[in-house]
Every structure is written in structure tokens, then in C-alpha cells.
Amino acid sequence: VAIIAARGGSKGIPRKNLAQVNGKPLIAYTIEHAIQAEGVDVVVVTSEDAEILDVSVEYGAISIERPSNLATDTATTEAVLQHCINALEIAGDTKYDAVVYLSCTQPYRKVEWISQCVDALRLDPELDSAFVAYQTHKNYWYNHPKQRHQKFWWHEYSSRQERELLLEENTGAASATRARIIKNGKRIGGNCKIIEVDRFNLDIHTEDDLTIARALL
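Residues numbered from 1 in each chain as written. Predicted model: local features only at pLDDT ≥ 70, side-chain atom pairs only at ≥ 80, totals over all residues. Heavy atoms only, no water.

Draft legend 1. Inspection of the layout of surface pockets at higher detail. Each pocket or cavity is described by its volume, and for the largest pocket that value is around 540 Å³. In terms of lining, the largest pocket is formed by 27 residues, of which the most central are A5, R7, T77, Y101 and S103. By residue class, the composition of the lining of the largest pocket is seven nonpolar, 13 polar and seven charged. Taken as a whole, the second largest pocket spans an internal volume of roughly 190 Å³. What lines the second largest pocket is V1, G39, V40, D41, Y96, D97, A98, V100, V118, L121, R122 and R178. Elements that contribute at least two residues to the lining of the second largest pocket include exactly β6 (98-103) and α4 (111-123). Residue contributions to the lining of the second largest pocket peak at three residues, all from α4. (1 Å grid on protein atoms, 1.4 Å probe; cavity = no way out; pocket = protein on both sides within 12 Å on 5 of 7 lines; lining within 4 Å. Points joined across faces, edges and corners; volume = space filled by probe spheres on them. Nonpolar A, V, L, I, M, F, W, Y, C, P; charged D, E, K, R; others polar. Helix = DSSP H or I, 4+ residues; strand = E, 2+ residues; numbered from the N terminus.)

Below you can see the structure in the form of C-alpha cells.
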């Protein structure tokens, strides 16, 4: 089962998940990606917003109404996924082996990434999770509240070709985790497979991000 979390109270861009991107709402891209992916049997959108749920059904998803306490700024994705899989299984009187998590604000993905995550769990029963990650050569710093800025990953500066790569986790673009782990309130288990991908993480939170999305999608 693929679960797409889409609340109505987005702050950076009001009604962001329904923003028009080249003739259709932003959320439609992720619903379509999930439907097209091999290995995904059911596509679900969880939201507290009636309009988002109605639009999601129009594009082929099942809707699960989310309680208001899971639609706040502080509600975690893990809690939202946990509620959704439990509600879905109770409503349908069925059990799911794995949960694919997709964020509708991260639509710059390839459908094959989703299938690769699902296949990884199918082929290795010992695996808890699989998710995509993007290689980066950048330097990251931590803004410590009581000390000077600290470099997150310390290496001497060198050429891009010589630098050791970091991997930027991008679970919202594509990830799959055993349902039992999601039910325990975790998004990722301890035994993971990382699928390295060749696209950067476009995560839409500003009007500039939307402009980029309209150019790419």
C-alpha cells in the first residue's frame, strides 16, 4: 500500500497540495506515480481536508480522513502513517506487508524508484526498509544554539572528484517499509537498503520551489 500524507493547513504556500502545476493539482503527480508503480496494489491519501480527499479520489486514490490532532505543525509523519495503516486495515479487514511512503511535495521522482523500493523488500525478507538517496558533494554545517557553527561532516576541502560522497536521504520521493515497523511508529527500520538516484531532492515549500516544479514536471 502506498500512503500519501497531505494536510490542508500548509503554511509556506497556502493550499500547497492543491496548487496548480501545469494544469493539475500538485498532489495528482504523486498519486499518478504511485498508481503507475509496479508492486503497489493500493494508493491512499490521508488528510484532514475534505477538498484534498475529494481531489485525491478523482485521481484514483482511496481517502482516509485524518484526525485534527494529526494535522498540526508538530504532528509527525510517523504518527500519520501509523494512524493511516491501522485505519485502512480495520476498514478493509485486510493486512498489508509493506507501506510505501510518498510525499506530494517531492514530485520530482521517477516511478521506477518506487518499484525498486518495493522490489528490495520483496527480494530480501530480512530487509526492514528501502529508500532513495541522492549523492551530494556539498559541505554541511550545524547551527549550534550555544556554540560556533560546526561542520557536520569534516573533511579537508578537495576537488569534487576526490571528495567522499554523502547520501541525502529522500524518503518522501520513494521509500518502502514493513507495515509492522510503521505500526510501531517508525518510518524506517534498522536494516535498510539505500537506492542511490541521480536526481536532486526538489521539496516544495516556497513559491520559488513551485516555479521550479512547473519548469521540471
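Draft legend 2. Here's a closer look at the pattern of salt bridges. With the rule as written, the count across this model stands at 12 salt bridges. For the salt bridge of E32 with K24, the shortest nitrogen-to-oxygen distance reads 2.6 Å. Using a relative accessible area of 23% as the deciding quantity, one classes E32 as partly exposed. We note a salt bridge from E89 to K183, for which the minimum N-O separation is 2.7 Å. You can see E89 sitting in helix α3 (residues 77-92) and its partner K183 sitting in helix α5 (residues 179-183), a full 94 residues away along the chain. Using a relative accessible area of 27% as the deciding quantity, one classes K183 as partly exposed. Beyond isolated ion pairs, a larger network of salt bridges with shared partners links R7, K11 and D73. (Salt bridge = Lys/Arg side-chain N within 4 Å of Asp/Glu carboxyl O. Buried < 20%, exposed > 50% of the residue type's maximum accessible area, 1.4 Å probe, protein only.)

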